[in-house]
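A look at the structure
Chain by chain, the residues run as shown.
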Amino acid sequence: MATDETTPSSQNTVTSSSANDSISSVLSEKRKFPPPAEFSKNAHVSSMAEYEKLYAAAAEDPDAYWGGIAEQFHWFKKWDSVLEWNSPYAKWFNGGKTNICYNALDVHVNSWRKNKAAIIWEGEEGDQRVLTYGELHRQVSKFANVLKIAGIRPGDRVAIYMGMVPELVIAVLACARVGAVHNVIFAGFSAHAITERVNDSRARMVICADGTRRRGGSINLKNIVDEAIVNTPSVRSVIVLKVTGETINMHDGMDHWWHDLMGLASDECEPVEVDSEHPLFVLYTSGSTGKPKGILHTTAGYMVHAASSFKYVFDIKDEDIYWCTADVGWITGHSYMAYGPLLNGATMLMYEGAPNYPQWDRFWDIINRHKVTILYTAPTAIRAFIRAGNEWVTKHNLSSLRLLGSVGEPINPDVWMWYHKVVGQERCPIVDTWWQTETGGIMVSPLPGATPTKPGTATRPLPGIAVDVVHKDGTPCKANEGGYLVIKKPWPSMLRTIYNDNERYEKTYWSEFPGMYFTGDGARKDDDGYIWIMGRVDDVVNVSGHRLGTSEVESALVSYEAVAEAAVVSRPDEIKGNALVAFVTLKDEYVGDMKLREALRNHVAKEIGPIAKPDEIRWAKGLPKTRSGKIMRRLLRELATSNEIKGDITTLEDFGVLENLRSGEED
Ligand code: WTA
């Protein structure tokens, strides 16, 4: 596999020319939008003064702040201490016993919310289902019994591979109810990616659907699972939900239909009283090196922050119809399509399908028909809507909307303005929320009734969250200086470790800036203390809001017979945010094979998933390396972006390599 010159300690992207370009473009951004008075009037936090007070109180006495929020949940036994911090290992609410599923469902079922809609689901063909809290509770309890009958015990890992149907949320909550650890795998991942994740987490069971609908057709998920579990010795059973009715193979002894098992199970299931630090889920995400990391979240701390961040950032009210367009296969879906809304007793909309099916107004049509009040989506989707044309949006009545959210990547000021004007009709505040799989919940975001927003910044950290921008030596940057985004104090929903790999956990997050959590992002703070995220400074790339490790894509490329060496970098892309460019050196006997480009792209799709396909593959006779043999990715990034090299090349070993790459004589 290709090696890299940019070890974390020598990362220099923050000061590279492309980062500087974006720094200067956002430095000139002066527009400021105070929250509309109408909105502030009824908001949970209604002024900056109130926010500042909350922030100061939380900083002064974090135990009192987080303990106060935790009081609002149901505990079978109260905690002994709010935080035990043995850096970098945290125990939150230690000694307590609770169950997140109980707090997400039973609490509401025992209140007036029993008949309130929890999930309003719409399928791609327009079919609809509504599950009240009472019905969701019944289904989850039944499926929790199914898990128990199948021998799942507290602490067992259960992999889930399904499209966006209510049963995905039911499976997740049922795991939590019986204390099993869910590992949701995004339904766009390949068989190989499933095998890797199931083996790393040693999952005992896989829950999947026969298929999922996409753009009028369907994808057979069960066949992919069949292929994946040939090499997963830990898996004892597979539960299959019928969604599309495709032709699949059911294997005796291993595979069971969801509906058969549900038919046998009772709908009463006492939740297991788990310790606060009982593992809740593992979610795999890309890192800068090696295989995907299993990010481990535990029960109580995650619950406290997922719920309270949801309440304050989305200013949730009982009348709201909240819609997050993220898939439950990503952290955004975990925290803000499942746990956050349900813990707050909110009504959420769930859509299984493409944003442009049958045409480009699907989102706006859904918002109008269901009277959605809060929309939470990603810049990559917004950019695609801009390209499709305003008329798709404006032909629908969007007056139900009162708040808009953005997540997953920096939102360019122009895109922010379009979202504000065309979708929000200059009426809806925008919450640009910065966070990560590792943080479990939103860390930096406006509070919509309090924070004046500026296009392109996630603004200020939430109360209780101590983020800062620092130099390489860990000292704080001055206002407007570019630096590294760190978190200086533990927070309840922080990852506890990388599953089965404490060493990697310590090295990845806690070794770069001693005593601080390193996010991997570059940022700057402006004169108002607003955080402007400049993007990743490691080899993680955000493509259409999906997080990919360039080294994973490289591994996939070099595992192909014809490839001698490969380096993958990103370049800015108008729609996707970033596009992947692969520089590939072929083994001599394959040079000139015209079919290889497509074959390689397909191979990457097979190894990881279609989202990881390089957008461009350039043939390279050799890759630019330092004298110690490390690939100079910085040069490749410059070439991929502008076909020019401006930076320092004195450490380059063979100058001829560059000439060849620049002139584009790749074929
Ligand atoms: C990026 C997604 C700018 C960032 C919740 C981070 C953002 C990575 C924003 C985490 C934002 C997320 N503005 N950049 N509002 N939100 N990012 O783990 O680079 O899939 O480190 O979590 O997305 O991606 P992940």
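Here the residue index of a chain counts from 1 through its sequence in written order. A pLDDT threshold of at least 70 governs which residues receive local features in this predicted model, and a stricter bar of 80 or more applies before side-chain atom pairs are shown or counted, although totals over entire chains, interfaces and linings include all residues. Values shown for side chains rest on all heavy atoms present in the structure; no hydrogens or waters enter the calculation.

A look at the domain arrangement of the chain
By a widespread convention, an interface's size corresponds to the accessible area lost as its parts come together. Under the domain assignment used here, the chain contains domain 1 (35-99 + 273-283 + 297-503 + 517-537), domain 2 (130-151 + 163-195 + 205-264) and domain 3 (544-663). In this document the domain limits rely on a domain assignment from an automatic tool or a database. A straight line from the C-alpha centre of domain 1 to that of domain 2 covers 28 Å. Listed per partner, the contact involves 28 residues of domain 1 and 25 residues of domain 2. Using a 1.4 Å probe, buried area is obtained as the accessible area two parts lose upon being combined, added over both of them. A combined buried area of about 2300 Å² lies between domain 1 and domain 2, and 64% of that area is made up of carbon and sulfur atoms. Between Lys or Arg on one side and Asp or Glu on the other, a salt bridge is scored when a side-chain nitrogen of the former is within 4 Å of a carboxyl oxygen of the latter. Linking domain 1 with domain 2 are one salt bridge. Residue R213 is joined to E352 by a salt bridge in which the shortest nitrogen-to-oxygen separation is 3.1 Å. Counted as a polar contact is a pair of N or O atoms within 3.5 Å, where, for protein atoms, one must be capable of donating a hydrogen and the other of accepting one, and residues adjacent in sequence contribute only when both atoms are in side chains. Summed over the shared surface of domain 1 and domain 2, the number is 11 residue pairs in polar contact (both at pLDDT 80 or more). Going along the chain from the N terminus, every DSSP run of H or I of four or more residues is numbered as a helix, and every run of E of two or more is numbered as a strand. Those elements that place two or more of their residues in the side of domain 1 that touches domain 2 are strand 14 (279-285), helix 12 (331-343) and strand 17 (347-352). Note on definitions: a residue-residue contact is assigned when non-hydrogen atoms from the two residues lie within 4.5 Å.

Some thoughts on the sheet that holds strand 24 (residues 517-525)
Read across the sheet, four strands follow the order 21-22-24-25 without closing on themselves; strand pairing throughout is antiparallel. With partners counted over all chains shown, the strands left at the sheet margins are strand 21 (467-470) and strand 25 (531-536), one partner each. Strand-to-strand twist of the sheet, defined as the mean angle between neighbouring strand axes without regard to direction, takes the value 45°. In terms of strand pairing, strand 24 meets strand 25 through five bridges, oriented antiparallel. DSSP-based pairing: two strands are paired if at least 2 bridges between them are found. Angular values range over 0 to 180 degrees, each being the angle between N-to-C directions of two axes fitted as lines to C-alpha atoms, with helices fitted over their stretch in contact.

Observations concerning the UniProt feature "domain: Acetyl-coenzyme A synthetase N-terminal" (unreviewed entry) in the chain
UniProt positions are given in the numbering used here, feature names are shortened, and annotations may be inferred rather than shown by experiment. Residues given the UniProt feature "domain: Acetyl-coenzyme A synthetase N-terminal" (unreviewed entry) here are residues 51-104. In residues 51-104, the share of helix is 44% and the share of strand is 26%. The end C-alpha atoms are 27 Å apart.

Some points on empty space enclosed by the protein
Cavities and pockets are defined on a 1 Å grid built over the protein atoms alone: a cavity is a set of grid points where a 1.4 Å probe fits but cannot escape, while a pocket is an open set with protein on both sides within 12 Å along at least five of seven lines, and lining residues are those with an atom within 4 Å of any such point. Grid points are joined across faces, edges and corners, and a volume is the space filled by probe spheres set on the points. Inspection of the entire model under this criterion finds four cavities of 30 Å³ or more. Its boundaries defined by the atoms lining it, the largest cavity holds a volume of some 80 Å³. Together, V45, L54, Y65, W66, H305, S308, S309, Y312, L447, L462 and P463 line the largest cavity. Looking at the lining of the largest cavity, the elements that each hand over two or more residues are helix 4 (62-70) and helix 11 (299-313). Tallying contributions element by element places helix 11 first for the lining of the largest cavity, with four residues. Note on residue classes: Ala, Val, Leu, Ile, Met, Phe, Trp, Tyr, Cys and Pro are nonpolar, Asp, Glu, Lys and Arg are charged, and everything else, Gly too, is polar. By residue class, the composition of the lining of the largest cavity is eight nonpolar, three polar and no charged. In this structure, the second largest cavity encloses a volume near 50 Å³. Tallied by class, the residues present in the lining of the second largest cavity amount to six nonpolar, three polar and no charged.

Section: the site of the ligand
Here a residue is near a molecule or strand as soon as one of its heavy atoms is found within 4 Å of it. Surrounding the ligand, one finds 17 residues, the nearest of these being D432, T433, T437, D521 and R547. The separation between an oxygen atom of the ligand and a polar side-chain atom of D521 is 2.7 Å. Contacts to the ligand include N542, whose side-chain N or O atom sits 3.2 Å from an oxygen atom. Calculation on the ligand without its partners gives an accessible area of 530 Å², and the protein chains cover 96% of this total. Breaking the shell around the ligand down by element, the ones donating at least two residues are helix 12, strand 20 (430-433) and strand 25. Each accessible area is a Shrake-Rupley estimate made with a 1.4 Å probe; only the visible protein chains count as cover when residues are assessed.

Some words on the nonpolar core
Here, nonpolar core refers to any group of buried Ala, Val, Leu, Ile, Met, Phe, Trp, Tyr and Cys residues whose side-chain atoms link them within 4.5 Å. Here's how the labels work: a residue is buried when its accessible area is under 20% of the maximum for its type, exposed when over 50%, partly exposed in between, all with a 1.4 Å probe on protein chains only. F143 and F314 are the most contacted members of the largest nonpolar core, which has 164 residues in total. The element best represented in this core is helix 7 (residues 166-178), accounting for 10 residues. W364, A381, I382 and V393 belong to the second-largest nonpolar core, a separate cluster that totals 29 residues.

Some details on the UniProt feature "domain: AMP-binding enzyme C-terminal" (unreviewed entry) in the chain
The feature "domain: AMP-binding enzyme C-terminal" (unreviewed entry), as given by UniProt, occupies residues 552-630 in the numbering adopted here. Between the first and last C-alpha atoms of residues 552-630 the distance is 17 Å; the span itself is 24% helix and 32% strand.

Remarks on the packing of helix 18 (residues 550-558) against helix 19 (residues 596-607)
The geometry of a pair of packed helices is captured by two quantities: the angle between their axes and the separation between those axes. Where helix 18 meets helix 19, the closest approach of the two axes is 9 Å, and the angle between their N-to-C directions is 120°. Helix 18 and helix 19 meet at a crossing whose hand is right-handed. Residues V553, A556 and L557 of helix 18 lie in contact with helix 19, whose contacting residues are L600, H603, V604 and E607. Looking at the contact of helix 18 with helix 19 residue by residue, the class counts come to five nonpolar, one polar and one charged. Crossings are classed by handedness, with left-handed meaning an anticlockwise turn of the near helix from the far one by less than a right angle and right-handed meaning a clockwise turn.

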